[in-house]
Amino acid sequence: MIDTGDIDAYADLAPATRSSGSSIRGEQPSRRGNRQFKRAFFLSAFAALGDRASVAYYGMKIAQGKHHTQALLCLARRRADVLVAMLRDDTFYDSQPSASVT
């Protein structure tokens, strides 16, 4: 079974804090992992900026003080979460999920 941690580890989408001695330079995208896989998620994140929900999520990350690259990395990870949920539930992408009936 695939989980989000597997995809994040394979593409290395987790933000990495760069530090050297007493110098700490904040979180930046890691340069490790499968570059083509990571690029696919970044391109997916760019394409998702046409969706209102993704723009709202991106704006929330910017409002939290994250830079563009960091906010885009968060959106790419969220896209990975969506992909894992689609594979787990054997469903297609639905930008407006239907409300569950109780």
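The sections below set out a description of the structure shown in this document. Just so it is clear, the structure is predicted and the values come from calculations on it, not from any experiment. (Residues numbered from 1 in each chain as written. Predicted model: local features only at pLDDT ≥ 70, side-chain atom pairs only at ≥ 80, totals over all residues. Heavy atoms only, no water.)

Digging into the overall build of the protein chain
Thinking step 1. The secondary structure content of the protein chain amounts to four helices and two strands.
Thinking step 2. Secondary structure elements of the protein chain, listed N to C terminal, follow the sequence α-β-β-α-α-α.
Thinking step 3. Out of the 102 residues in the protein chain, the part that is buried amounts to 24%.
Thinking step 4. On the protein chain, roughly 7200 Å² of surface is accessible, and the fraction owed to carbon and sulfur atoms is 54%. (Helix = DSSP H or I, 4+ residues; strand = E, 2+ residues; numbered from the N terminus. Buried < 20%, exposed > 50% of the residue type's maximum accessible area, 1.4 Å probe, protein only. Areas by Shrake-Rupley, 256 points an atom, 1.4 Å probe, with all protein chains shown as cover.)

Let's talk about helix 3 (residues 52-63)
Thinking step 1. Counted at 1.5 Å a residue, the expected span for helix 3 with its twelve residues is 16 Å, and the 16 Å between its end C-alpha atoms agrees.
Thinking step 2. Turning to helix 3, its buried residues number three or more, namely S54, Y57, Y58 and K61. Projected down its long axis, helix 3 shows its buried positions confined to an angular sector of 100 degrees, all on one face. For helix 3, the exposed residues lying more than 90 degrees away from the buried face are R52 and A63. (Expected span 1.5 Å × (residues − 1). Arc of directions from axis to C-beta.)

A word on the packing of helix 2 (residues 35-48) against helix 4 (residues 68-89)
The axes of two packed helices give the description: the angle between them and the distance between them.
Thinking step 1. Viewed as axis vectors pointing N to C, helix 2 and helix 4 meet at an angle of 100 degrees, and their least axial separation amounts to 8 Å. Considered as vectors, helix 2 and helix 4 are oriented roughly perpendicular to each other. Residues F41, F42, S44, A45, F46 and A48 of helix 2 lie in contact with helix 4, whose contacting residues are H68, L72, L73, L75, A76, R79, A80 and L83.
Thinking step 2. Per-class residue counts for the contact of helix 2 with helix 4 are eleven nonpolar, two polar and one charged. (Axes fitted to C-alpha atoms, helices over the stretch in contact; angles between N-to-C directions. Parallel < 35°, antiparallel > 145°, perpendicular 65-115°, else oblique. Contact = heavy atoms within 4.5 Å. Nonpolar A, V, L, I, M, F, W, Y, C, P; charged D, E, K, R; others polar.)

Let's talk about the environment of K61
Thinking step 1. Looking at the secondary structure, you find K61 in helix 3.
Thinking step 2. Sequence separation of K61 and L72 is eleven residues, and the distance between their C-alpha atoms is 8.8 Å.
Thinking step 3. When neighbours within four sequence positions are excluded, K61 is seen to be in contact with K66, A71 and C74.

Quick notes on the nonpolar core
General note: in soluble globular proteins, nonpolar side chains tend to be found buried as a group.
Thinking step 1. Of all hydrophobic cores here, the largest spans eleven residues; its members are F41, F42, A45, A48, Y57, L72, L73, C74, L75, A76 and A80.
Thinking step 2. Only helix 2 and helix 4 provide two or more residues apiece to this core.
Thinking step 3. At six residues, helix 4 tops the list of elements feeding residues into this core. (Core = buried A, V, L, I, M, F, W, Y, C linked by side-chain atoms within 4.5 Å.)

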